[in-house]
Amino acid sequence: SELSGIPAVKPRWPLFGNALFFDLTKTHIVLTELAQKYGPVFRIKLYGDEIVVLNDYKSIYSALVANGNEVAGRPSMYRTEHADRNRNSIVWQTYTPKLKMLRKEVHKSLRMFGDGLNSLEDKCFPEVEALIARIRDTDGHPFDPWDYIYDTTCNVMLLLLLGVRFSYTGDELTQLKEISRLFNHTFGSGSGSRLDVIPWLHILRNQDFSVLKSALKLRNSFWEDRIKDLPIKNDSVVADLLRLTENPGIDVTETTVKETFTNLILAGTDTTATAMTCLLLILIHRPEVQDRLQAELDTVVGQKRKPCLADRAVMPYFEACVLELLRYISHVPLAVPHSTISDTYIEEHKIPADTTIYINLWAMHHDASFWNDPWVFQPERFLDEHGCILPPQHEFRRRVMAFGAGRRVCLGEVLAKNRLFLFVSAILQNFSFEAADIQSIPDMDPRTYSLGLVLHPGRFKLKAKRRDR
Ligand code: HEM
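Calculation rules
Residues numbered from 1 in each chain as written. Predicted model: local features only at pLDDT ≥ 70, side-chain atom pairs only at ≥ 80, totals over all residues. Pairing = 2+ DSSP bridges. Helix = DSSP H or I, 4+ residues; strand = E, 2+ residues; numbered from the N terminus. Contact = placed C-beta atoms within 7 Å. Axes fitted to C-alpha atoms, helices over the stretch in contact; angles between N-to-C directions. Near = placed C-beta within 6 Å. Nonpolar A, V, L, I, M, F, W, Y, C, P; charged D, E, K, R; others polar. UniProt positions renumbered as here; feature names shortened; annotations may be inferred. Core = buried A, V, L, I, M, F, W, Y, C linked by C-beta atoms within 7 Å. Buried ≥ 20, exposed ≤ 12 C-beta atoms within 10 Å, placed from the backbone. Parallel < 35°, antiparallel > 145°, perpendicular 65-115°, else oblique. Left-handed = near helix turned anticlockwise from the far one by under 90°. Expected span 1.5 Å × (residues − 1). Arc of directions from axis to C-beta.

Q: Please set out the sheet that holds strand 2 (residues 49-54) residue by residue, giving values where relevant.
A: Reading across the sheet, the four strands line up as 1-2-6-3 and stay open at both edges, with mixed pairing between neighbours. Here the strands that pair on one side only, and so sit at the sheet edges, are strand 1 (41-46) and strand 3 (338-339). Of the strand pairs in this sheet, strand 1 and strand 2 are connected by six bridges, and their pairing is antiparallel. When the sheet's bridge partners are listed, Arg43 is paired in strand 2 with Val52. Contacts between helix 2 (residues 57-66) and the sheet are confined to strand 1, strand 2 and strand 6 (356-359), with strand 6 contributing the most and set at about 125 degrees to the helix.

Take a look at the structure:
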């Protein structure tokens, strides 16, 4: 084969390839172990699919940046071809002119909020207040933070995408959470991916297939029943996209808008809510990190006003915690699968067109030959001896690629970081968190999290102590 220069994982069985020995519930960990044995670039075969897996900075940089144009595709998969989703999606569409146009349009609409700092603050502050009120209402009693954080993060996304928010007591947010759960199951690198690699599985109508069906059904009914009749605000991402459907020269239909909306609400909520939840889990395991974050907040912001985005630039410890969080948890461990759109090279390896490429961010972020104690959460690694944040071109910063890089880089990077700042700084200004029961909280080590498209820690309870008392 044209890939013969790249080590192939053994043993390979006819028909099954490596699949019989492959635990799909922890793909990222299995691949990282294989890299120890086969080197940073190797290939696996899952049923009919030959997949090249990249596990270190050099190969990932070569694929996403140096040869970024050629490696910008997405493989076609049963799960995304189903219902033509791959032709309307941002996340799942290969590198077509339509995809480029959609990315550009969404980026333009989001920039108004992500970089237009004031308007992001305007959208976030009421949600920040609402979150603080909900936490205050727990009155020192143990609570599970996930739903509060999810609802808040989801409402900010809804404000950006549609210009509306939903009530915490209505069933819309619950429905969105269910859609997210189903999609995370179906589209994760976990067991749902059997649908692509075992071509006949969907005919048997097995459980993975029914989860995919219910995810799409719920998604469609949410759009029909909850969104279509809303007074969508003029200055929202969906309104901008709907305007494109009126232009007959552009291949954007209502289906495209629905699919793109689903991409954005799911990608924009679960990722950020999970990062915030993991940070809280880390803070209750590592109270000294919480103390230092609060000391920085007290110096820069104090108690008399809300933290705002301008403060981010003068809070290096906070920034270091976010970088270290993204490295440590690597909660989108395998990014989204890439595919080559033409023959190309990754480092010295020749790769033919239409080869599926897995980007193992997890392995790169925990590479013990580069990172000291990769499994220790250590924000200080991103600070210099004066306590200043390392510059973006520093080797350590360049090797954190939690959002990917190049043509398919995450569309929400700026938004995600700004939102994390606004919410985490506001709750730490108001509360100190501790474990409800230190014996029973889950481990903070991300190797214990479970895999979907995004890694999730176990659910846990904590207590919030008001700092103004
Ligand atoms: C901590 C938060 C987040 C992390 C770690 C994250 C990470 C990622 C990663 C690793 C990818 C795949 C890149 C690749 O294929 O090489 C991605 C893609 C994407 N993300 Fe994010 N993301 C986050 C938040 C967001 C937010 C807030 C949005 C909402 C706007 C968003 C929207 C997207 C979209 C639309 C794509 C697909 C881009 C494409 O296929 O061209 N993400 N993200």
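Further notes follow.
Q: Mind laying out the site of the ligand, listing which residues take part and the relevant values?
A: The ligand sits among 24 residues. The nearest are Gly268, Thr271, Gly404, Cys410 and Gly412. Sorting the residues of the shell around the ligand by element identifies helix 4 (97-114), helix 11 (254-285) and helix 17 (413-430) as the ones contributing at least two each. Counting residues per element, the shell around the ligand draws most heavily on helix 11, at seven residues. Broken down by class, the residue content of the shell around the ligand amounts to 16 nonpolar, six polar and two charged.

Q: Could you give an account of the UniProt feature "binding site: heme" (unreviewed entry) in the chain, with specific residues and numbers?
A: In this structure's numbering, the residues bearing the UniProt feature "binding site: heme" (unreviewed entry) are Cys410. Excluding residues that lie within four positions of it along the chain, Cys410 makes contacts with Phe403 and Gly404.

Q: Which residues make up the nonpolar core, and what are the values?
A: Within the largest apolar cluster, 121 residues are counted, with the highest numbers of intra-cluster contacts made by Leu54, Leu161 and Ile359. Considering every element that reaches this core, the biggest residue donor is helix 11, with 16 residues.

Q: Describe unusual backbone geometry, listing the residues and the values that go with them.
A: Each neighbour pair has its own omega, and for Lys10 with Pro11 the value is -5 degrees, a cis peptide bond. As for its placement among the helices and strands, Pro11 is situated in the segment before helix 1 (27-38). Not every positive phi belongs to a glycine, and Ser330 is a case in point at roughly 35 degrees. Relative to the assigned elements, Ser330 resides in the loop between helix 14 (316-329) and strand 3. Although it is not a glycine, Asp373 adopts a positive phi angle of roughly 40 degrees. Checked against the element boundaries, Asp373 lands in the loop between helix 15 (361-365) and helix 16 (395-398).

Q: Explain the packing of helix 11 against helix 17 to me, using residue names and the numbers behind them.
A: If you want to describe how two helices pack, look at the angle between their axes and the distance between the axes. It is the contact of helix 11 with helix 17, at a shortest axis distance of 10 Å, that shows an interaxial angle of 40 degrees. Classified by the angle between their axes, helix 11 and helix 17 sit oblique to one another. Where helix 11 crosses over helix 17, the two elements pack in a sense that is right-handed. From helix 11, Thr271, Thr272, Ala275, Met276 and Leu279 reach across to helix 17, where they touch Ala416, Arg419, Leu420, Phe423 and Val424. Within the contact of helix 11 with helix 17, the residues separate by chemical class into seven nonpolar, two polar and one charged.

Q: Got a sec to walk through helix 1? Specific residues and values, please.
A: Because an α-helix completes one turn every 3.6 residues, residues spaced three or four positions apart along the sequence face the same direction. An ideal rise of 1.5 Å per residue puts 16 Å on twelve residues; helix 1 measures up with 16 Å between its terminal C-alpha atoms. Listing the buried residues of helix 1 in full gives Thr27, His28, Leu31, Thr32, Leu34 and Ala35. What you see down the axis of helix 1 is that its buried residues fit within an arc of 160 degrees, all on one side. Exposed residues pointing more than 90 degrees away from the buried face of helix 1 are listed as Glu33, Gln36 and Lys37. Packing partners of the buried residues in helix 1 comprise strand 1, strand 2, strand 6, helix 15 and strand 8 (450-451). A positive phi of about 95 degrees marks Gly39, the residue just after helix 1.

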